[in-house]
Every structure is written in C-alpha cells, then in structure tokens.
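Understanding the architecture of this molecule
Residues per chain are reported as follows:
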Amino acid sequence: MKITLIPGDGIGPEVTAAVVRILERTGLALEWERHEAGAVALERYGVTLPEPLLESIRRNKVALKGPVTTPVGTGFTSVNVGLRKALDLFANLRPVRSLPGVPARYEHVDLVIVRENTEDLYAGIEHEVVPGVVESLKITTAASCTRIARFAFDYARAHGRRRVTAVHKANIMKMGDGLFLDSVRKVAAEYPDIVSDDRIVDAMCMQLVLDPQKFDVLVLPNLFGDIVSDLCAGLVGGLGVVPGANLGSDAAVFEAVHGSAPDIAGRDLANPTALLLSAVLMLRHIGEHAAAERVMAALSAVLTDGQVRTRDLGGTAGTSAFADAICARLARSES
Ligand code: NAI
C-alpha cells in the first residue's frame, strides 16, 4: 500500500522517522512517497505546498504528516490550513484518551473532539480597513456546519458513543455561531438514538477542567476546536500523546495535535506517541486492524512498564530509544 509521507520540520522528521520504523516492524508492506512542505519546500520549489505533494495524496488517498511550522504574524500562510482546504479535509478528528502508564491530571478520560476544519476565523481572511484597523472574517456556512455535524453524529453511531455536545458562543455571535448551533440541532433530530446537547465555549472549558469524564463527543467550529483540543491534551498528559486525523470525502491526512516544537527540535527529545497514535488511526482507516492492535499493545506495554519514557512524561529516554523499545516489544510479540 502506498502512503504519502510528509516529515514536516522541527521535531517532524524525528517523530515521523520513529513512527515509520515502528510501522515497518509490524511487517506491513507499506510504500512511502516522501514530500516536503513548508519552509523546506519554499526554499527548494518556491512554494510551501508543492503540487506533486497534493497529487500524491489525491492518488494514494492517505497521508501521514509531521508538523509544519507557520511563521507567527508575518510570512507564509499555514501549510496545514492550506492542505486541509486544498483537499477539502473538512473534519478534524481528535480522540483524547487516558493512556496506561502516562502521568496525567485525570484517569479514564475518553473524549472525541470533532473540529470543523475549513471555515471560521481559521480561514485566515483578513484585511486592513484603514491603517491601524484590521478586520478578520469569521466565515460560517450552513453547508459546512451541517456536514461537520453529520460527521460527528455518524461517528458517534458507528463507534458506540452516546452523546454529542455542540460547543459555541452563540449567545454573543448570534448569527455565526447561531447558525452552527442551529445546524447541529437540525442534524441531531435525525439521530434520536444519540443524546445531543450544547455548551458555551467558556463554560465548556471550565467543565472540562473540573470533570472531563462526563463528556463524550464534542463538535466545534474551527478556532474553538483548536483551542479546546490543546486543553484536552493537557488533561491526559500533554501534546505528546494526542493523535489526530484530517478527513475528507476523498482523502485522509493523519497528524498529531502538536506542532513542530522548535524548542526541542533536533535533540532527540520529542515524544513520538502522538504521531504513532495517529498512525494507528491510519492503520484502522485502511483496514489494517490487526497491525493497529499490535502497535497499540506494544505501545501500552512500554508505557505501562515505564522504564523507557520520554522527557515530557517524566522520563529520560530519547525519541529513538522509545521507538526502539516499541520495536523490541513488537518483535517479542511475534515470537
Ligand atoms: P507545539 O505543539 O509545537 O509545542 C508546544 C509545547 O509542547 C512545546 O513546549 C513543545 O516542546 C511541546 N511538545 C509538542 N509536541 C511535543 C512532543 N511530541 N513531545 C514532547 N513535547 C512536545 O506548539 P507551538 O510552539 O505553539 O507551535 C510551534 C509551531 O508548530 C508553530 O509554527 C505552529 O504554527 C506549528 N504548528 C503546526 C501544527 C501542524 O503542523 N499540524 C499544529 C500546531 C502548531
């Protein structure tokens, strides 16, 4: 099976190398088509998102992606946002689960974040009205809100989830977030087997910090989804352990929630768990369930054992030593 691989930058090349090594250890016949994006691609090809990369994903329909840096304030627009728009990867799925052996604020958290991926303030449509006054447009369409709501309810039904909570700020943004909430409610009416409710985003943040176990599937507009994802990552041990998938009708790009972590890049310090869990989502997406289970079992064994842990989880092991430990477990499970 051919898979597009975007190593990205910062810690991206380190975590993708670790994950590719682990996946290859499962014995699956995966063929990687490597492509550069972001600053590296800009230097080499003059664009941040080269057409051959997009073509490769369109052809293979599946990609595994490391994080790509976006310059703050000035410079090129986000490659991550560009990729989601170019391939219409409208749903961002982020399962947030407590993992065995991972020190965290809470145990037994099992949440799924469904984030709209194409609109909202994240569309990045901004202009200077007059010097010193900038307008950023928050785009909301009924079509996109309905599509993401349907995705959330279908996901809930397919995965035995009981409740979908819409998160919004419709008390203030009565039109934009009002449309989002209205669209979710209309879709909810078609799923009488799933409980549906909603929360205002600020109250939601507080409730997640106080009692995260009481939530199930959350569906959010783009910007709130981004922020609440990081908050939820903090509940289960941090950005090093939360996976993600960008899903569209024709393609899927699997990537961790975290960014390129320039503060630890190139030092063999990054935790590859988040990208590995994203790769497990990818294996399930392509129907390789047995390999997904084996990788999960090896990861859980290494985390529970606790001897080999990366620094973010209180250990001293590097990215590659952690990957070695998982590969060793996979080898043991074969014999
Ligand atoms: P970040 O997620 O890169 O880092 C935040 C903090 O978490 C840092 O202290 C970092 O060391 C730590 N961290 C992140 N991933 C880790 C891992 N795997 N193991 C151990 N520690 C980890 O967020 P930040 O600093 O806001 O963004 C850095 C760059 O990444 C920016 O240019 C941003 O635009 C980009 N970014 C890219 C994303 C993507 O490619 N999908 C997603 C989020 C941010």
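Read on for a plain summary of the structure. In this text the structure is predicted, and so the values were computed from the model without any measurement.

Successive residues of a regular strand alternate their side chains across the two faces of the sheet. Here strand β6 (residues 126-130) runs beside strand β7 (residues 133-136); their pairing, made up of 4 bridges, is antiparallel. The residue of β7 that forms the bridge with Val-130 is Val-133. The hairpin formed by β6 and β7 contains 2 residues between the paired strands, and Gly-132 there has a positive phi angle of roughly 90°.

Looking at the largest pocket, its volume works out to about 1000 Å³. For the largest pocket, the lining is made up of 35 residues, of which Thr-70, Ser-78, Asn-80, Val-81 and Tyr-122 are closest to its centre. Looking at the lining of the largest pocket, the elements that each hand over two or more residues are α4 (79-86) and α8 (222-235). At 5 residues, the largest contribution of residues to the lining of the largest pocket is made by α4. Of the residues assigned to the lining of the largest pocket, the class counts are 13 nonpolar, 13 polar and 9 charged. The two domains that each donate at least three residues to the lining of the largest pocket are domain 1 (1-93 + 239-335) and domain 2 (105-235). Approximately 400 Å³ is the volume found for the second largest pocket.

Within the secondary structure, Ala-170 sits in the loop between β8 (163-168) and α6 (176-188). On the accessibility criterion, Ala-170 (14% relative accessible area) is buried.

What follows concerns the site of the ligand. Neighbouring residues of the ligand: 21 residues in total, closest Val-68, Thr-70, Gly-259, Ala-261 and Asp-263. In the environment of the ligand, a nitrogen atom lies 3.3 Å from a nitrogen or oxygen atom belonging to the side chain of His-258. The contact in question runs from an oxygen atom of the ligand to an N or O atom on the backbone of Ala-261, over 2.7 Å. For the ligand, the protein covers 70% of the area, taking 820 Å² as the surface of the free molecule. Residue composition of the shell around the ligand, by class: 9 nonpolar, 8 polar and 4 charged.

Tallied over the entire structure, the rule returns 0 disulfides. Free cysteine Cys-145: the closest other cysteine sulfur is in Cys-205, separated by 19 Å. The exposure class of Cys-145 is buried, given its relative accessible area of 3%. Looking at the unpaired Cys-205, the closest cysteine sulfur is the one in Cys-232, lying at 8.2 Å.

Turning to the side chain of Ser-144, a few remarks are in order. Within the secondary structure, Ser-144 sits in helix α5 (residues 142-158). Not counting the four nearest positions on each side in its chain, Ser-144 is found in contact with Glu-116, Thr-118 and Glu-119.

Thresholds applied
Residues numbered from 1 in each chain as written. Predicted model: local features only at pLDDT ≥ 70, side-chain atom pairs only at ≥ 80, totals over all residues. Heavy atoms only, no water. Pairing = 2+ DSSP bridges. Helix = DSSP H or I, 4+ residues; strand = E, 2+ residues; numbered from the N terminus. 1 Å grid on protein atoms, 1.4 Å probe; cavity = no way out; pocket = protein on both sides within 12 Å on 5 of 7 lines; lining within 4 Å. Points joined across faces, edges and corners; volume = space filled by probe spheres on them. Nonpolar A, V, L, I, M, F, W, Y, C, P; charged D, E, K, R; others polar. Domains from an automatic or database assignment. Buried < 20%, exposed > 50% of the residue type's maximum accessible area, 1.4 Å probe, protein only. Near = heavy atom within 4 Å. Polar contact = N/O pair within 3.5 Å; in protein donor to acceptor, adjacent residues only side chain to side chain. Areas by Shrake-Rupley, 256 points an atom, 1.4 Å probe, with all protein chains shown as cover. Disulfide = S-S within 2.5 Å. Contact = heavy atoms within 4.5 Å.

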